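A closer look at the structure
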Amino acid sequence: MLELKQLSKHFRKNRVLDAIDLSVANGERIALIGSNGAGKTTLIRCLLGEYVHEGSVLIQGLDPRLERARVLREVGFVPQLPPPLRMSVHELLRFTSELTDTPVAAMTAIAARLGLDLARVEHLPFAKLSGGQKQKVLIALALGRPCALLILDEPAANLDPEARHAFFDLLAEQTAARAITLLISSHRLDEVAPLVNRVVEMDMGRIVLDDRVADSTALDGKLTVRIVLSRAEEVIARALGQWGLSADATSLVWEGIIASPDRLRFIGMLSRYVGLIRRVAIEEQS
Amino acid sequence: MFNDLKPALRLEMTESLRARWFMLYALVFGGIVALLFAFGLTESRVLGFIGLSRLLVTYIQLVMAILPVFVLISTVRSVAGDREAGVFEYLLSLPVSLSGWFWGKLLGRFLMVFAPVFIAMFGAALWALISDIEIPWNIFLYYTGLLASLSWCFLGIAILISVLSRSADVAQGIAFMVWLVLLLFLDLILLGVMIQEQIPAEMAVSIALFNPLQTFRTAALMLFDPQLIVLGPAAFVLFDLFGTLGYQVFALLYPAAIGSLCALFAYRSFRKGDLL
C-alpha cells in the first residue's frame, strides 16, 4: 500500500524528515506518534503530494506528486485543525462529491451516524460550525467515500464520547468491509493505541520505533462499566453522564457501556476523580 | 483538467461572494457610477466630452486608480492567507488536478474581479438608455475589452506574487510595491519628471510602453483626445508610432499578455514547488 524510500525533506537548512524508509501493507492500522516537531505532519503532507521531497513515496505503486488525482481518489484525510473554509457545508459536500464521484447522501449518512444532521447545518459557512461539528463533517467526507488509505490526524480529539463511539464503529465497519489501511497521527499513544496494530514513533524527522502491537482490541468492541462512588459529587456525575453512564437512585452507582477503543481515555478521565471512587468494574461484552 | 476546473472555478466564485473584499470591491465600483450620475456628470462638458462619454472617461480613470491595487492586495491576501491558514492543506488533499485547481481558481477570481467593474459600467449604459442619453457603443465595447485586459494583467501579477511569497504579509508588501512603481512610472507623474530632467526619449517611451497602467490610460483617453493634451509626452510619441488602431490593439493585447505570462510562470512554480 505505502512504500517510502529514503524520504527526506528540508526547509532551508532545517532537515525535517531524515531518510525515512517505511513499508505498509494493505489493511495495517498504524499509529504515527511523536512529539510536536517530530515530522508527522510533514510526512503526511508528503503522502498527500503537497510537498516536494527527496527519496520516493509510492501509494499503491503511484507517486502522489505525479499522479495526484488518481492517488488521492483512494485517500481520505482528516486534518487535526479544521480549515477555516468560508464556503457553506453544502458547497463543501458538493465540491468533494464532484471530485470523488461519491454521492452526497453517502457522506450525509456517515455524518448522521456521528450525530450530526447535515440538513440543519448545510447552509452555514463551514468556519461557523463548532469544533466538534467541523470534525464530524470532515470525518464524514473522508469515510463517506470508498478509500484504500485513511490518513487521520488526531481525528477524534474534538468529539464527544458518543460520537467517538460511533466513529470507532464506523472505522471497524470500513476496515472489516475492505482492507483499508489506517494511518492515525497523534502526539499521544494512549489516544490511538486501541485503534491500531502497529506503532511508528518519530523523533527529529526519523523513525525511532516501529513496533507491531497485539491486535486484541476490536474497533467495534463494547465494555460494560460499573462505577461505585464513595459519595455523590456533581463534577463526577457530569463527567460520567457525558460518557453515557446512568446512575441509580442514590447517585452512587453508575453503569453504562463505552467503546472498547476508548478504555484508556475513560480510565484517564476516572483518574481525575480517584478520591471519589470506591470500586470500578470494566468487562468486555461477549 | 476540465473536470476539475469547473468545481474549482465555482468554489472560488462562491468563496469570493462570501468575502468582505468582494463586497467592498463591488460597492466601490457601483458607488462610483452612482456618484457620477448623482453629480450630474453626464450633463457637464469637459475637453469636449459630454453625455455618457464624459461619464465613461471619468469612470475608466477612476478604475485605473482603484482596480489594480484592489486586485493585487485582495488576491495576494486571500491566496497566501488561505495557504497559511491550512485551507490549501485540506482542499489539495482532495483528488483535484493541480491544473484544474490553479486555472479554476484563477478564472473564478477573474470573473469575480471583472464582473463588478463591468456590471457598474453596463448599469450606467442601461441608465443612459432609459434616460435617453446617447451611448457611445464603440467606446463602451472597447472599454469592456480594456477592463478585462487590465483585470487579467493584475490578477496574473497577483497570483505570481502569491505563489512566490511564503507569507501573506510579504506578498501584500510586494504587491503594494509593484502597484506603487507602476503608478510612479505613469506618463504624467515620475515619467514627466524624468523627461524634464532630459532622460533619453527612447527610455521614457519604453517605460511608458511597458507600463500596463500607462498603456491602459493612453488607450482609454486616445479615443477622446486625438491631440493627446491630457496624456503626456511619451504617450504622444507612442501614438505617433503605432497610429490609433495599432495602439488600440496593442493596449488590449499587451496587459493580457503580461497577465498570461505571469499566470503561466506562477502555475509552473506552483506545480514544481511545495503546495503549502
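Predicted model only: the values in this text are computed from it and were never measured.

A few words on the overall build of chain A. Counting its secondary structure elements, chain A contains ten helices and 13 strands. The C-alpha atoms of chain A give 20 Å as radius of gyration, which agrees with the globular expectation for 286 residues (19 Å, within 12%). Referenced to the eigenvectors of the C-alpha coordinate spread, the extents of chain A come out at roughly 65 × 45 × 35 Å. Each of the 286 residues in chain A was classed as buried or not, and the buried ones make up 41%.

Our focus in this paragraph is the interface of chain B and chain A. Facing the 23 residues of chain B at the interface are 24 residues of chain A. Those elements giving two or more residues to the side of chain B that touches chain A turn out to be α1 (2–18) and α4 (87–91) of chain B. Broken down by element, the residue count for the side of chain B that touches chain A peaks at six residues, all from α1(B).

For the rest of this paragraph, the subject is the sheet that holds strand β7 (residues 181–186) of chain A. Residues and elements named next belong to chain A. The six strands are arranged β5-β6-β7-β3-β8-β9 in an open sheet whose pairing can be described as mixed. Only two strands of the sheet have a single partner each, and these edge strands are β5 (75–78) and β9 (206–212). Within the sheet, the average angular offset between the axes of one strand and its neighbour, ignoring direction, is 15°. Sheet analysis places strand β8 (residues 198–203) next to β9, joined by six bridges and oriented antiparallel. By the bridge assignment, Val200 is partnered in β9 with Asp210. Along the sheet, helix α6 (residues 131–143) makes contact with β5 and β6 (149–153), crossing β5 at roughly 175°.

Attention shifts here to the sheet that holds strand β10 (residues 222–229) of chain A. Residue and element names in this part refer to chain A. The four strands are arranged β11-β12-β10-β13 in an open sheet whose pairing can be described as antiparallel. Each edge of the sheet is formed by a strand with only one pairing partner; in this case those strands are β11 (246–247) and β13 (277–284). Pairing analysis gives two bridges linking β11 to strand β12 (residues 253–259), with the strands arranged antiparallel. Bridged to Ser246 within β12 is Glu255.

In this section: the domain arrangement of chain A. Residues and elements named next belong to chain A. Here chain A is partitioned into domain 1 (2–212) and domain 2 (222–284). The C-alpha-based centres of domain 1 and domain 2 are spaced at 31 Å. Across the boundary between the two partners, domain 1 contributes eleven residues, which contact eleven residues of domain 2. Contributing elements (two or more residues each) for the side of domain 1 that touches domain 2: α7 (161–177) and α8 (189–192). Sorting elements by how many residues they give to the side of domain 1 that touches domain 2 places α7 first, with five residues.

What counts and how
Residues numbered from 1 in each chain as written. Chains lettered and ligands numbered in written order. Predicted model: local features only at pLDDT ≥ 70, side-chain atom pairs only at ≥ 80, totals over all residues. Helix = DSSP H or I, 4+ residues; strand = E, 2+ residues; numbered from the N terminus. Rg over C-alpha atoms; globule rule 2.2 N^0.38 Å. Buried ≥ 20, exposed ≤ 12 C-beta atoms within 10 Å, placed from the backbone. Contact = placed C-beta atoms within 7 Å. Pairing = 2+ DSSP bridges. Axes fitted to C-alpha atoms, helices over the stretch in contact; angles between N-to-C directions. Domains from an automatic or database assignment.

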